[in-house]
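Summary of the model geometry
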Amino acid sequence: MTMRIKNNHRYFQQGFALLPVIIAIAALVLVGGGGAAVYQVQRSNEVEKSALRQELQELQNQKEEETVEEESMKEDKQEEESSPTPSPAPESKPVVKTATTSAPTTNQPAASESNIPLIVEQEFEKAYGRKPSSAESNSWKSKYRTNSWSRSQLYDALVASQPKPSAVANTSSTQNNKSSAVSIELCKTNAKAEADKMLNDALAKSPMLLELTASTKIRDIEQAALKYGVISQSEVPDIQSSYYGFKNSGASTQEAQQLTQTTLAAYNSWLGDIQDKAQAQLNALRAKRDKIEEELYSKCLSNL
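Position numbers for residues count from 1 along each chain, tracking the sequence in the order it is written. Reporting of local features is limited, given that this is a predicted model, to residues whose pLDDT is at least 70; pairs of side-chain atoms are given and counted only at 80 or more, and all residues count toward the totals for whole chains, interfaces and linings. Working from all heavy atoms in the structure, the side-chain values ignore hydrogens and water.

1. Some words on the confidence of the model for the protein chain
For clarity, the threshold we go by: The pLDDT score gives, residue by residue, the confidence of the prediction method on a 0 to 100 scale. The secondary structure listing takes helices from DSSP runs of H or I that are at least 4 residues long and strands from runs of E that are at least 2 residues long, numbered from the N terminus. Whether two residues are in contact is decided by their heavy atoms: any pair within 4.5 Å suffices.
Looking at the protein chain as a whole, the pLDDT averages 76, with 66% of positions reaching at least 70. Highest mean pLDDT in the protein chain belongs to helix H7 (residues 218-227) (94); lowest belongs to helix H1 (residues 2-82) (59). In this model residues 28-38 is a low-confidence stretch, pLDDT under 50, and it forms zero contacts with partners more than four residues away in sequence or in other chains.

2. Structural notes on the packing of aromatic side chains
Basically, it comes down to this: In summary, the pairing rule links any two rings of Phe, Tyr or Trp, Trp by its six-membered ring, whose centres are within 6.5 Å, and it sorts them by plane angle into stacked for under 30 degrees, edge-to-face for over 60 and tilted for everything else. Each residue gets one of three labels from its accessible area relative to the maximum for its type: buried under 20%, exposed over 50%, partly exposed in between, using a 1.4 Å probe on protein chains only.
If you walk through the whole model with that rule in mind, you get four aromatic pairs. Considering the side-chain rings of Phe124 and Tyr128, the 4.4 Å spacing of their centres and the 5° angle between planes classify their relative orientation as stacked. In this pair, Phe124 and Tyr128 both sit in helix H2 (residues 116-128), four residues apart, roughly one turn of the helix. For Phe124, a relative accessible area of 1% corresponds to the buried category.

3. Things to note about the nonpolar core
This is how the line gets drawn: What is meant by a nonpolar core is a set of buried Ala, Val, Leu, Ile, Met, Phe, Trp, Tyr and Cys residues, joined one to another through side-chain atoms within 4.5 Å.
By size, the foremost hydrophobic cluster in this structure holds 16 residues, and its most contacted members are Leu203, Leu212, Ile231, Tyr267, Leu271, Ile274 and Leu285. Taken together, the elements giving at least two residues each to this core come down to helix H5 (171-205), helix H6 (208-212), H7 and helix H9 (253-302). Ranked by the residues each element gives to this core, the list is headed by H9, at six residues. In contact with Leu212, other than residues within four places in its own chain, are Ile221, Ala224, Ala225, Ile274, Gln275 and Ala278. Formed by 12 residues, the second largest nonpolar core is a distinct cluster that contains Val120, Leu154, Tyr155 and Leu158.

4. Side note on the pattern of salt bridges
What counts here: What makes a salt bridge here is a side-chain nitrogen of Lys or Arg within 4 Å of a carboxyl oxygen of Asp or Glu, nothing more.
For the coordinates displayed, the defined rule picks out 11 salt bridges. Between Glu123 and Arg151 there is a salt bridge, with its nearest N and O atoms 2.7 Å apart. Separated by 28 residues along the polypeptide, Glu123 in helix H2 and Arg151 in helix H4 (residues 151-160) bring together distant segments of the chain. Judged by relative accessible area, Glu123 falls into the buried class, the value being 1%. What emerges from the salt-bridge pattern is a single network uniting Lys192, Asp196, Arg289, Asp290 and Glu293.

Encoded structure:
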């Protein structure tokens, strides 16, 4: 029992002696961890400060650029205000040149005395289309020398000297022309009306001409011919009766068909001839109508 108490006391003393060591180790651990945290905070602060410094520097650079730009604009504006305003150039008036009928000739220096007659003759013929008379030549040579004209100026003077036709209209002549135009138109209208009346009267007496020529179908021509008695009903062939008639006469089926077709073709050709004759009569009436219109028109004009 006493031995156990002594051992426990000894162990207690040993543990109490190790306590400062344990406390020191814990302190080192705490101090190390705290130092790392402090180092991390400091590192973060330095990054933020660096970013802030960079942002401030960019703002300062931008402000300097804006200041330089404003100063440049002020200088440009001052230069514009100080520069004198240019006065507008006077407007040049267009030069109107008299039109001539010939190609323009360039101004030439005054001709020698020996060339003046030839120049006057050439320009006069160009302007008047003929050679000048002696009096005209002497007159224009004198004007040419007195005015010291160039060749083109001589030509312009010659053109300007040509007599102008009178522009005064004759009222009575104009009225007469209008009356003549009305009379001519009336002659034409009356001649046409009378010629049309002649043709209509003729067709009214022979209406079959229009009906026979109105269509190219055999059936229509046949009906018109029967209507006006040009042909009779007995002359219209019955195809079936014709066929059996040929058969009863001893013809074979093929021969009866051929003979029936031949009969029908001859009948159709006969109707075509009837229509052609009607068309010829109608054309003759129309030609007569045109001739009458022309004669009436000419007669009316001769009486104006």
